[in-house]
Amino acid sequence: GFKTAGFQDSIWVREVGGDYEDRLIVSVHIDDTLMACKSSATLEKFKTAFLTQFEGTDEGPVSTYLGTELICDRVNRTITFKQSVYVQKILQTYGAWDKPSVKTPLEAGVRLTKEDSDFCFF
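Below is a summary of the structure that appears in this document. Since this is a predicted model, take the numbers as computed values, not measurements.

Some thoughts on the overall build of the chain
Working step 1: Counting its regular elements, the chain contains 2 helices and 7 strands.
Working step 2: Seen in sequence order, the chain has helices and strands lined up from the N terminus as β-β-β-β-α-β-β-β-α.
Working step 3: When its C-alpha atoms are laid out on the principal axes, the chain stretches across 60 × 35 × 30 Å.
Working step 4: Within the chain, the proportion of its 122 residues that are buried is 15%.
Working step 5: Sequence separation of 24 or more characterises 16% of the internal contacts of the chain that already satisfy a separation of 6 or more.

Written out as structure tokens, the structure reads:
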């Protein structure tokens, strides 16, 4: 069966064996489910079984999940996650979307310590 990924209770992994010839990874968040598998045949078999047990729909290949854009490059076997839409929403919510951007005020490599600050650290 499935076991949690260990670092996240909403990510489940099923190793090879039983009815499935490849490892399956399933992420569940409220009413959103994302499934991944190296084999499209194994994934289709699992989706069919899943949808007979739970109410849902197969929306096809994923392009966004939980506000994150997913870009799958099957040729190079990469997945890119982009949060630009989420960042834009946050900036608009707090009235910062139309403000000019600024460079980081410190040079790269500068290390700060608590002695450098007027703030109180706990």
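Once you've had a look at it, read on.
Some thoughts on the side chain of Ser-39
Working step 1: Inspection of the secondary structure puts Ser-39 in the loop between strand E4 (32-37) and helix H1 (40-53).
Working step 2: Among the residues examined, Ser-39 registers a relative accessible area of 17% and is labelled buried.
Working step 3: A polar contact of 3.3 Å, which involves the side chain of Ser-39, links it to the backbone nitrogen of Ala-41.

Some words on the nonpolar core
Working step 1: One finds Tyr-20, Leu-24, Val-26, Met-35, Cys-37, Leu-43, Phe-46 and Phe-50 forming the largest nonpolar core, which totals 8 residues.
Working step 2: Counting only elements with at least two residues in this core, the list comes to strand E3 (24-29), E4 and H1.
Working step 3: Examining the composition of this core, we find that 3 residues originate from one element, H1, more than from any other.
Working step 4: Among all residues touching Phe-50, those that are not within four sequence positions of it are Thr-33 and Met-35.

Observations concerning the environment of Leu-43
Working step 1: Assignment of secondary structure puts Leu-43 in helix H1.
Working step 2: Assessed through its relative accessible area of 16%, Leu-43 is described here as buried.
Working step 3: Those residues in contact with Leu-43, other than ones at most four positions away along the chain, are Leu-24, Met-35, Ala-36 and Cys-37.

Section: the sheet that holds strand E6 (residues 68-73)
Working step 1: The strand order E5-E6-E7 describes an open sheet built from 3 strands, whose pairing is antiparallel. Of all strands in the sheet, those with a lone pairing partner are strand E5 (64-65) and strand E7 (78-82), marking the two edges.
Working step 2: Inspection of the sheet shows E5 paired to E6 by 2 bridges, in the antiparallel sense. Paired with Tyr-65 across the strands is Thr-68, a residue of E6.

Remarks on the pairing of E4
Working step 1: Pairing of E3 with E4, which is carried by 6 bridges, proceeds in the antiparallel orientation. Opposite His-29, over in E4, you have Asp-32 as the bridge partner.
Working step 2: In sequence, E3 turns back onto E4 through a hairpin of 2 residues, with Ile-30 there showing a positive phi of about 55 degrees.

Looking at the pairing of E6
Working step 1: Connecting the antiparallel pair E5 and E6 is a turn made up of 2 residues, with Leu-66 showing a positive phi of about 55 degrees.
Working step 2: Inspection of the sheet shows E6 paired to E7 by 5 bridges, in the antiparallel sense. Across the sheet, the residue bridging to Ile-71 is Thr-80, located in E7.
Working step 3: From the end of E6 to the start of E7, which pair antiparallel, there are 4 residues, and Arg-77 there has a positive phi angle of about 55 degrees.

What counts, and at which threshold
Residue positions are given per chain, counting from 1 as you read along its sequence in written order. A pLDDT threshold of at least 70 governs which residues receive local features in this predicted model, and a stricter bar of 80 or more applies before side-chain atom pairs are shown or counted, although totals over entire chains, interfaces and linings include all residues. Water and hydrogen atoms were dropped before computing side-chain values, which therefore reflect all heavy atoms in the structure. By the criteria applied, helices consist of DSSP H or I runs no shorter than four residues and strands consist of E runs no shorter than two, each listed in order from the N terminus. Exposure is judged per residue with a 1.4 Å probe applied to protein chains only, and the accessible area is read against the type maximum: over 50% gives exposed, under 20% gives buried, and values in between give partly exposed. Should any heavy atoms of two residues lie within 4.5 Å, those residues are considered in contact. Pairing of N or O atoms within 3.5 Å defines a polar contact, subject to two protein rules: one partner must be a possible hydrogen donor and the other a possible acceptor, and residues neighboring in sequence count only if both atoms are side-chain atoms. Take the buried residues of types Ala, Val, Leu, Ile, Met, Phe, Trp, Tyr and Cys, join any two whose side-chain atoms come within 4.5 Å, and each joined set is a nonpolar core. When DSSP locates at least two bridges between a pair of strands, those strands are taken to pair.

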